Protein chains: 4
Amino acid sequence: MADKFLKIAYIGGGSRAWARKLMCDLAISEDITGEVRLYDIDKGAANDNRAIGNKISEMAEGGKKWNYVAVDDIDNALKGCDAVIISVMPGTLDEMASDVDVPMSYGIYQPVGDTVGAGGYLRAMRCVPMFRFFAAKIRENCPSAWVINYTNPMTICTRTLYEEFPDIKAFGCCHEVFGTQELLAAALKDVCGIEAESRDEIKVDVCGINHFTWITKAYYKDIDLFEVFEKFSDKYAGKGFCANGKKEAWLSNVFDCGNCIKFELFRRYGVIPAAGDRHLSEFMPQKWFLESPETALEKWKFALTPVSWRRQDLKERLQETKDILSGKKIVKLGKSGEEGVKQLKALFGSDGFVTNINMPNKGQMKGYPTGAIVETNGLFGLNGITPLLANPLPDEVNSLVLRHVYNQEAFIKAAFRKSIDKVFAVYVNDPQVASLDFSAAREMFDKMVANTEKYLKGYWF
Amino acid sequence: MADKFLKIAYIGGGSRAWARKLMCDLAISEDITGEVRLYDIDKGAANDNRAIGNKISEMAEGGKKWNYVAVDDIDNALKGCDAVIISVMPGTLDEMASDVDVPMSYGIYQPVGDTVGAGGYLRAMRCVPMFRFFAAKIRENCPSAWVINYTNPMTICTRTLYEEFPDIKAFGCCHEVFGTQELLAAALKDVCGIEAESRDEIKVDVCGINHFTWITKAYYKDIDLFEVFEKFSDKYAGKGFCANGKKEAWLSNVFDCGNCIKFELFRRYGVIPAAGDRHLSEFMPQKWFLESPETALEKWKFALTPVSWRRQDLKERLQETKDILSGKKIVKLGKSGEEGVKQLKALFGSDGFVTNINMPNKGQMKGYPTGAIVETNGLFGLNGITPLLANPLPDEVNSLVLRHVYNQEAFIKAAFRKSIDKVFAVYVNDPQVASLDFSAAREMFDKMVANTEKYLKGYWF
Amino acid sequence: MADKFLKIAYIGGGSRAWARKLMCDLAISEDITGEVRLYDIDKGAANDNRAIGNKISEMAEGGKKWNYVAVDDIDNALKGCDAVIISVMPGTLDEMASDVDVPMSYGIYQPVGDTVGAGGYLRAMRCVPMFRFFAAKIRENCPSAWVINYTNPMTICTRTLYEEFPDIKAFGCCHEVFGTQELLAAALKDVCGIEAESRDEIKVDVCGINHFTWITKAYYKDIDLFEVFEKFSDKYAGKGFCANGKKEAWLSNVFDCGNCIKFELFRRYGVIPAAGDRHLSEFMPQKWFLESPETALEKWKFALTPVSWRRQDLKERLQETKDILSGKKIVKLGKSGEEGVKQLKALFGSDGFVTNINMPNKGQMKGYPTGAIVETNGLFGLNGITPLLANPLPDEVNSLVLRHVYNQEAFIKAAFRKSIDKVFAVYVNDPQVASLDFSAAREMFDKMVANTEKYLKGYWF
Amino acid sequence: MADKFLKIAYIGGGSRAWARKLMCDLAISEDITGEVRLYDIDKGAANDNRAIGNKISEMAEGGKKWNYVAVDDIDNALKGCDAVIISVMPGTLDEMASDVDVPMSYGIYQPVGDTVGAGGYLRAMRCVPMFRFFAAKIRENCPSAWVINYTNPMTICTRTLYEEFPDIKAFGCCHEVFGTQELLAAALKDVCGIEAESRDEIKVDVCGINHFTWITKAYYKDIDLFEVFEKFSDKYAGKGFCANGKKEAWLSNVFDCGNCIKFELFRRYGVIPAAGDRHLSEFMPQKWFLESPETALEKWKFALTPVSWRRQDLKERLQETKDILSGKKIVKLGKSGEEGVKQLKALFGSDGFVTNINMPNKGQMKGYPTGAIVETNGLFGLNGITPLLANPLPDEVNSLVLRHVYNQEAFIKAAFRKSIDKVFAVYVNDPQVASLDFSAAREMFDKMVANTEKYLKGYWF
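Residues numbered from 1 in each chain as written. Chains lettered and ligands numbered in written order. Predicted model: local features only at pLDDT ≥ 70, side-chain atom pairs only at ≥ 80, totals over all residues. Heavy atoms only, no water.

## Quick word on the overall build of chain A
Right, so step 1: Secondary structure assignment for chain A yields 17 helices and 13 strands.
Right, so step 2: Along the three orthogonal principal directions, the C-alpha set of chain A runs to about 60 × 55 × 45 Å.
Right, so step 3: Here the analysis covers contacts within chain A between residues at least 6 apart in sequence; of these, 72% occur between residues at least 24 apart.
Right, so step 4: Accessible surface computed for chain A: about 16,500 Å², of which carbon and sulfur atoms make up 50%.
Right, so step 5: With 58 positive and 61 negative side-chain charges, chain A shows a separation of 2 Å between the mean positions of the two kinds. (Helix = DSSP H or I, 4+ residues; strand = E, 2+ residues; numbered from the N terminus. Contact = heavy atoms within 4.5 Å. Areas by Shrake-Rupley, 256 points an atom, 1.4 Å probe, with all protein chains shown as cover. Lys, Arg positive; Asp, Glu negative; His and termini not counted. Charge placed at Lys NZ, Arg CZ, Asp CG, Glu CD.)

As structure tokens, then:
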């Protein structure tokens, strides 16, 4: 059978690292070939990506299968596409600095600040106008294309796509669950001395919402990994364990953590949280894990990611781009570990498989509102993703998760009514923001709005 | 038609005031007559109530319709009864002191402390063994009797009855909604100059959970009271308004409040909370309304009820009992404003009517878990209460309410598994307790358990 | 308080008798006054009704409270209305003759032919274009008016209004349940010798779909009417009993019946069907009650209503109209027994009350599809009707009812896609039509479509 | 990794052919080994199976992995088992003759008579006492064993297991969907000239109830098989097509059919029924496909299976057993095409996979009652089967299917109350039985009960 020819629009992708992973996965993928249209408001970035994409594509054994083009106009990028990938930065690092630093000045510490909480909701306010625009353009140019969103806040962005264009075929992808599978593999090795060949062998039933997802069942062949994880968490609770094998990695790398939040919550609730501790911490009351940067690091074994770090990291990635373009650095072809290309292949006729996915609830999470974006397992097949029925979460965990689900639903309604006051009602409901009284919360909110006004004006006011 | 003869068992009732109201309502009720069997672990109290009950009964125009007897044995009290009223004190004021004072020493202020929060859950732990016992005894002695519960925590107590004996015909009654109807009547007068003849004319659609109930629609004849309440809350927000007409009553009476929480929440969410501010405050994050007793009083216009006040109040009520028994004080016959007797009459064949009621959710609150005790309107009729379908709450409010609903459901499961650790997982989830870190919370919990151990031993450990 | 002034549009009303009842009820109603705008495609009928309406209005004690005007243009009729009443004849008696007589030639006997079955679906096909038009005009001219529909097929007509204009405030009214309450009153008298003062005292819990509604609980004061009806149906099953007291009334009056279907179904299922036997019979397999006109009459004690009878009846009503206009006949002022005016009053601020009503399912019937029109009890109040949660029906009855509910939902989708073939798929699914094989059914369908083509062309083809 | 050692109880299995397939699949399965305990009320049959099982087991390449033992006592058979297989004959061919022949004398023709309809419900009445007994014994002896049921009526038998022992880990397996996958493979070849390598490559989304299951989506690699099937059914509707390639096979083999019912229903509803036409026909009104044996064969291209055929077939299978035991005939080792062993392997730690399965509805079929046994896709994994969320069926199809679902639920309630009258209410509701009037239906029912009394007495009366 001949390779399937796909037209893919890639919206954004300035983050470089991420785009490169996809380019590699495409270059070596079997069964599919095609064209990638790069659209970015930063035209230079799109052009760089075009050059690098084609470079990578040419490295593939068996020759170049993908042609990369930079497109100035979103309509031209989307027209007749089979698939759309959205991976944008809503604002710049300046906005992200406001999202993180203003709350910090009120004693609210966010290790990431891009999901829920003070920073998450401001970022969401910036995303809504963009994602309504994307959805409208997709409806106009390629209504039956599959749309993968990688942008955070994942839930709000994906939900906005559906609210604007209910028939959109969109889903959100996130690799946080993969990291937890790797932790389970490490536990299997640590407790039983058994080494799994790959993450895929660690089977997990997941449900919840993005970055606050939970594993209700896990196994490797005929071994129940909950029994393994119980021993493992008893061993490392309070001490920390880093899945990558590095000792106390959290002290030196802002992306690493000791998984102490996972151990704590598993021991309390009997289910395993399936995201990095940095993300998890932001969903719960401030006093639990984020009283101060010091307790976070010392007691719970994870660090905050300062925006200064992100600025430095960006600089390095920009340099790396230059080096690749100049030939000074060579991209090494290989699987990225991400699943986007595997998912696309399945949607267009290759082997189906089960993985975690963010989609509107149409029954996969009982007791959760219809239409809310939930993260559960789904079976990928030709032109469809079928959700698997999720196991029920313990009621104590529903108590933690549903407050966010309803807050997110309220946010979407507020956003489509363009009501700043209704957004504020959501904002104060957030368990982190709720550590302030109303007047402090309002002052903080107003500052954050003012700081990022450039991205809000014209839509919100 | 001859009066219907009813056998009513009254479990508890030591609180005196409450029992007296019922006695008056029974004495003057038409259509029904019968026997009231008083059962109390404090036999003296039951005996006093017997004497007072008969005294009141004899005062009725048209002669004595009810015979009161004190019964030592719960089986004898319940055997063959038509109705059972449960109004018990789970422990003494010493236990209540622990419920309120221990948390206070950790900076957690509870104006009441009997519903959710640190005090509420400890009280609930004491209630579960009692209510399992009551339910089992009812199943044994009078399985088809109607059971009215007045005891707090209302939700947990009623839920326990159903968990123990799923076919029980029980419901919980609370007058907090009545108080909000009176506030609406006051608003009608204040804003429109119209005086409602009675609370019954203020029609309200309510839903939520006991003490955290919400009015989604209210009217008086053809006047929409939401428009009225909007003007009213604009006028009194921040200043306070007391429904009984007394100026700044909250400064002198611990049971009064200025309704500033109701104004705040209504202005934020667009629905009217239907309980006293003292109760409402306990369901939300500490920083909102309970940062300190001073901010509560000064900013939000309500006071905490110290247990010392309750001790003094009890003393006065005991003296009053003596005075009534000795004839020094005469009870004045008249309607109490409570609805218990009206409800009983409807269940046994008198006119039906609609009022708010605590019952298991069987669909009246969509999106809420089946079986959880919710408070909505219900139509009373012969041998049945039919819930009315509740209007949906705003998502922001669901975010606030559902965290408690799932916490309460988790508590019940923990309680039937007798797991102290699972109760603690519920306890830390509470938005008030969540203002502490885990170790402080655990320490506080352990102290509270130790203080009230007498009522927990034999069931929980 | 001054009377409320209402503007009411009355669409249709040519049937005369029905309009007159409403005119009488309005004339003597307290609390409301106003204007009635009569719109009918038969302008003469509207004019006659205007004259009669004003005549009746003037007869009222205390003077004329309502002004009737005939309006040629539907926009003018609806503009700014507070309420709209729809009571139209979809076609003429010629179309009704086709609905009834064509199926009869295939051995399918329909006592009425206006609800489900061969005749019901053809009538529904004629109604859909009309009701889409009405809904669109209401959206345009008076989107917040209350709309009462009296037209059959009740379910399809009301459902069409909502499908076209989801925010419409419409409900369907039918007096079939009242007739069953009267039968229960007769049973009470027959079995217990007790005479109820009025139908209102017979309390019933109803649910199902229009003309196939079921009573799951019934009582009079403290008497359980199910126990009464059990004795009653044992006594009269097979023999027949006519609620109006006339012996074997079904032999002489096509609208009377012996209630033998009600007795049969109650004895089998334990719940009481709440519509006339003529309507009930059409929902079930042909062999049950409609094998032939003879078995219907002899065994089940009800007659078919021939269209010739309707023609004669119409002639008499037209003569009666002339006689009233000429003064030869005087209308007697008095309550009609219908509830439309009482409902309007409640919606505009008078006393609320509970009655049966056809509205979209939003949870009142668990297990039934959301949005389907179901008939249950509802509480009328200011500007709202709150459904009561229905008791579950026995599964055997759900098996009978749900096939129609899903058929009706399928019909609506077919109708909005204007697909004749999809309507045919619904048509053959009907338990009566299912007594034919596909080719006979298609032949019959095509004939019926051809006969009533005039009302279908332009919409369906 | 060493093979997993499993203890399997096999209840029944007298049908020989079926048991042999399993024996072959076990013999050649990798990863598992163990013991099979054969329990049959016909001890001779169990003994024969033991001998044959061991014979087959010894033929395996790599040696004997399974030991077969015949066990007289069900407790000994079940004690400590890992898995239980139930494949029993509820009665003998004499009872089956009554199930089929009595209705035939009333003009009701059942091609099979073992699922719904007159024969299906009588068979169900015989099954209930047996399956309650099995469930109780499993609870006692091996409560955490996996239980596969192969017995018809599949839905009722599996539902009975759960009603008796709600925590049972049971599911029902049926190969009818496989046959439809093969038909789709044949269509793919016929229309596109493409040959699928195996049935597994034909991916289908299925839902419904056993023998009345529907395919809502089907594909082969990137080919949408609905488009293929549309052309295919246009080509063969009315003519018939046999998946096994034999021309007009239905004329000579009672198990073959021309799939004309599938073509007819697909063209009407747009979804593909996924069972043999012989089964499908029994779920719909008599006039549709079963007016007479002649129209079934001539118009719809399928034959009835007379019990005389089954008697002859049984005789041949008994002879075959003898021949195998005597060595005259040699069983050929090879995959059976059934999935039981693959499922067991997955449940005990081998590769997971997705297939269709009969299990209680816990949300996989929205709008269907919770707990009813539905057939949908499920993902097999270690110690669990996770249902996939089913696509919604068209409302016209729900109208057909739900009447049976509610009838089956009503049957179960009747069966656990042991009420013959309630069963009769279910029986007359069946669309086939509904072609009789009540008295004929009752007469037929009573005859069938009398004929099979031996299997009903002691439980039902």
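The structure having been displayed, the exposition proceeds.
## Remarks on the relation of the copies chain D and chain C
Right, so step 1: At an RMSD of 0.0 Å, chain D and chain C line up after a rotation of 180 degrees and a shift of 0.0 Å along the axis. Overall, the copies show the geometry of a two-fold rotation axis.
Right, so step 2: Looking at chain D, 100% of its interface residues are interface residues in chain C too, so the copies touch through the same face. (Least-squares fit on C-alpha atoms with pLDDT ≥ 70 in both.)

## A look at the interface of chain B and chain A
Right, so step 1: In this complex, chain B contributes 34 residues to the contact, which on the side of chain A involves 34 residues.
Right, so step 2: Carbon and sulfur atoms supply 53% of the area that chain B and chain A bury against each other, a total of about 3,000 Å² over both sides.
Right, so step 3: Per-residue buried area on chain B facing chain A is highest for Asp395, Tyr406 and Phe438 of chain B; these three make up 23% of the total on that side.
Right, so step 4: Viewed at the interface, chain A and chain B are joined by 4 salt bridges.
Right, so step 5: Note that Lys422 of chain B is salt-bridged to Glu396 of chain A, the shortest N-O span being 3.9 Å.
Right, so step 6: Counting the contacts that link chain B with chain A gives 10 residue pairs in polar contact (both at pLDDT 80 or more). (Buried area = accessible area lost by both parts, 1.4 Å probe. Salt bridge = Lys/Arg side-chain N within 4 Å of Asp/Glu carboxyl O. Polar contact = N/O pair within 3.5 Å; in protein donor to acceptor, adjacent residues only side chain to side chain.)

## Description of the relation of the copies chain B and chain A
Put simply, the two copies of the chain differ by a rotation about an axis and a shift along that axis.
Right, so step 1: Least-squares fitting of chain B to chain A yields an RMSD of 0.0 Å, with the transformation described by 0.0 Å of translation along the axis and a rotation of 180 degrees.
Right, so step 2: Same-surface contact between copies: 100% of interface residues of chain B are shared with the interface of chain A.

## Some points on the pairing of strand E1 (residues 4-12) of chain A
Residue and element names in this part refer to chain A.
Right, so step 1: Note that E1 and strand E2 (residues 32-39) share 8 bridges and pair parallel. Residue Ala9 lies in a different strand from E2, and its bridge partner there is Arg37.
Right, so step 2: Inspection of the sheet shows E1 paired to strand E4 (residues 83-87) by 5 bridges, in the parallel sense. The residue bridging Gly12 from the neighbouring strand is Ser87, located in E4. (Pairing = 2+ DSSP bridges.)

## Focus: the packing of helix H5 (residues 117-141) of chain C against helix H6 (residues 154-164) of chain C
All names here are of chain C.
Right, so step 1: Put simply, H5 and H6 touch, their axes get as near as 8 Å, and they point 40 degrees apart. Taken as axis vectors, H5 and H6 run oblique relative to one another. For H5 against H6, the interelement crossing comes out right-handed. Counting all contacts with H5, which are made through Ala124, Cys127, Val128, Phe131, Arg132, Phe134, Ala135, Ala136 and Arg139, the residues of H6 involved are Ile156, Cys157, Thr160, Leu161 and Glu164. (Axes fitted to C-alpha atoms, helices over the stretch in contact; angles between N-to-C directions. Parallel < 35°, antiparallel > 145°, perpendicular 65-115°, else oblique. Left-handed = near helix turned anticlockwise from the far one by under 90°.)

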